[in-house]
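Topology and contacts: notes
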Amino acid sequence: MAYSLFGVFNIHLLVLYGEPRENALGRLLAEIISQSGDISVLDWVGEASPFHSCFPAHIAVYRTLLCPSSYTGKAPPSSFNAYELEALDVLFHTLSTIDPPQYIGRRLRLPCITHRVTAIQLKECRTTTLQYVYELQSEGLSPIEIMLPNEFPTDSRTPLPYVLIRPWHSKLLDPSKVDTAATDQLAIALGQPFNALLLEELRRNEYRRIASSSVIIARPADAASILRNNTQTLNIV
């Protein structure tokens, strides 16, 4: 199936007879990201691929469309003063000019808005279904509950080596339209719930995706947190 999609996406890759299906799908997704910057291929829930933690092991996961809470299109939660509007202009410029995602050497260089996880608390253990409910507190986000089939790995490091991210691509904005309407639309978009990825930091600026079996819907804590967005390009393995 992955080989058939090479042609559908007009991607030229070698057919390696006998390679695992996860590798064929992984090579396809890596090339789609590198050529088009399409970060929607990261929006899935299920088993992670041994090829890369941000890719699924099975193509069937794309049959289910993941959508966060409905986009309301309302104005930002509160009006911005002159200083905040200036900060919003800077954020617009940063997000519209950031380098596109690239897959190089089995590493995904992914631009994203990051939120450091500050606390993890077990809320409920459902023994009948073997499910664990955890609450995550993160910088700039409202508390999030996630449901996992296994216990969350304990980690004694301080600060915690986990971040919630919103993958980003500069195509989502038009840098030629830096005006009040454009920045207002950015504030509205960033104020909406979004599908977040949970990453674990392995070493300095190298991460892997974890908890891919759960949908993680993140919500900004308030209007001020939009302006405190931390934009980074992370190396994910």
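Residues numbered from 1 in each chain as written. Predicted model: local features only at pLDDT ≥ 70, side-chain atom pairs only at ≥ 80, totals over all residues. Heavy atoms only, no water.

Per the secondary structure count, the chain includes five helices and ten strands. At 19 Å, the chain has a C-alpha radius of gyration in line with the 18 Å of a compact globule built from 237 residues. C-alpha extents for the chain along the principal axes are approximately 60 × 50 × 35 Å. Here the chain holds 237 residues, and the buried ones make up 43% of them. Counted over contacts in the chain with a minimum sequence separation of 6, partners at least 24 positions apart contribute 64%. A total of about 12,700 Å² of accessible surface is found on the chain, and carbon and sulfur atoms cover 52% of it. Of the charged side chains in the chain, 20 are positive and 23 negative; the average position of the first set lies 5 Å away from that of the second. (Helix = DSSP H or I, 4+ residues; strand = E, 2+ residues; numbered from the N terminus. Rg over C-alpha atoms; globule rule 2.2 N^0.38 Å. Buried < 20%, exposed > 50% of the residue type's maximum accessible area, 1.4 Å probe, protein only. Contact = heavy atoms within 4.5 Å. Areas by Shrake-Rupley, 256 points an atom, 1.4 Å probe, with all protein chains shown as cover. Lys, Arg positive; Asp, Glu negative; His and termini not counted. Charge placed at Lys NZ, Arg CZ, Asp CG, Glu CD.)

Here strand β4 (residues 144-148) shows one buried face, formed by I144, I146 and L148, and one open face, formed by E145 and M147. Relative to β4, strand β3 (residues 131-138) is paired through five bridges, and the arrangement is antiparallel. When the bridges of β4 are listed, V133 appears paired with M147. Linkage of β3 to β4, two consecutive antiparallel strands, is achieved through a turn of five residues, within which G140 is found at a positive phi near 80 degrees. (Pairing = 2+ DSSP bridges.)

This brings us to the layout of surface pockets. Roughly 230 Å³ of internal volume is contained in the second largest pocket. Considering the residues around the second largest pocket, the lining is formed by 14 residues, among which N150, I210, A211, S212 and S213 are closest to the centre. Ranked by residue count, the leading element in the lining of the second largest pocket is strand β8 (residues 206-210), at three residues. Here the lining of the second largest pocket is composed, by residue class, of seven nonpolar, four polar and three charged. (1 Å grid on protein atoms, 1.4 Å probe; cavity = no way out; pocket = protein on both sides within 12 Å on 5 of 7 lines; lining within 4 Å. Points joined across faces, edges and corners; volume = space filled by probe spheres on them. Nonpolar A, V, L, I, M, F, W, Y, C, P; charged D, E, K, R; others polar.)

Let us now look at the confidence of the model for the chain. When pLDDT is averaged across the chain, the result is 86; 91% of the residues are at 70 or more. pLDDT under 50 marks residues 73-77. Its contacts with residues more than four places away, or in other chains, come to seven contacts. (pLDDT = per-residue confidence, 0-100.)

Another point: helix α4 (residues 180-190). Those residues of α4 lying buried are A182, T183, L186, A187, I188 and L190. Turning to α4, the residues buried within the fold contact α3 (82-97), β2 (107-126), β5 (162-167) and α5 (223-227).

All right, on to the environment of L13 then. Inspection of the secondary structure assignment puts L13 in the loop between α1 (2-8) and α2 (21-36). Residue L13 is classed as partly exposed on the basis of its relative accessible area, which comes to 25%. As for L13 and E31, which are separated by 18 residues in sequence, their C-alpha atoms are 8.7 Å apart. Filtering out sequence-adjacent residues up to four positions away, L13 remains in contact with F6, R27, L28 and E31.

The phi dihedral of N10 falls on the positive side, at around 55 degrees, and the residue is not glycine. Looking at the secondary structure, you find N10 in the loop between α1 and α2. We classify N10 as exposed; its relative accessible area is 55%. Even without being a glycine, R106 presents a positive backbone phi close to 65 degrees.

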